[in-house]
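# Examination of the molecular architecture
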Amino acid sequence: MRIGIAGPIKVSSLKKHLVNLTKYDESLGLGGTAINEIVDGFIKKGHKVTVFTLDPDITKKYILKGPNI
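Note that this is a predicted model, so its numbers are computed, not measured. (Residues numbered from 1 in each chain as written. Predicted model: local features only at pLDDT ≥ 70, side-chain atom pairs only at ≥ 80, totals over all residues. Heavy atoms only, no water.)

A word on the pairing of strand β1 (residues 2-6). Side-chain alternation along β1 places Ile 3 and Ile 5 on a buried face and Arg 2, Gly 4 and Ala 6 on a face that remains uncovered. Looking at chain direction, β1 and strand β2 (residues 48-52) are connected through 5 bridges and run parallel. Opposite Gly 4, over in β2, you have Thr 50 as the bridge partner. (Buried < 20%, exposed > 50% of the residue type's maximum accessible area, 1.4 Å probe, protein only. Helix = DSSP H or I, 4+ residues; strand = E, 2+ residues; numbered from the N terminus. Pairing = 2+ DSSP bridges.)

Applying the stated criterion across every chain, the model contains 1 aromatic pair. Both rings, one in Tyr 24 and one in Tyr 62, keep their centres 6.2 Å apart while their planes meet at 80°; by these two values the pair is edge-to-face. Note that Tyr 24 is positioned in helix α1 (residues 23-26) and Tyr 62 in the segment after β2, a separation of 38 residues in sequence. For Tyr 62, a relative accessible area of 41% puts it in the partly exposed group. (Phe/Tyr/Trp six-rings, centres within 6.5 Å; stacked < 30°, edge-to-face > 60°.)

Our next topic: the pattern of salt bridges. Tallied over the entire structure, the rule returns 3 salt bridges. Two residues, Lys 15 and Glu 26, come together in a salt bridge whose shortest N-O distance is 3.6 Å. Pair noted here: Lys 15 is in the loop between β1 and α1 and Glu 26 is in helix α1, with a separation of 11 residues, a long-range link. Of the residues examined, Glu 26 reaches a relative accessible area of 19% and is grouped as buried. Between Lys 16 and Asp 40 there is a salt bridge, with the nearest N and O atoms lying 3.5 Å from each other. Of the two residues, Lys 16 is situated in the loop between β1 and α1 and Asp 40 in helix α2 (residues 33-44); the sequence distance between them amounts to 24 residues. According to the relative accessible area criterion, Lys 16 is exposed, its value standing at 58%. Asp 40 sits in the buried class, given a relative accessible area of 10%. Shared partners join several salt bridges into a network, and the residues in it are Lys 16, Asp 40 and Lys 44. (Salt bridge = Lys/Arg side-chain N within 4 Å of Asp/Glu carboxyl O.)

Okay, structure coming up:
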């Protein structure tokens, strides 16, 4: 299933699902522990997840990817 989630996340909490992250990428996010857990659970169940989130340091479209995220 494809799932879309909008909410605050902390990229570093999802780094095991993302590829080619830089230290800068890992520092992004506003927190969102509950959302991170939900995203992690969906990915572990084999779902494809798209997360829409904000960070005050990002001023234009910025995409991080992994196999199911």
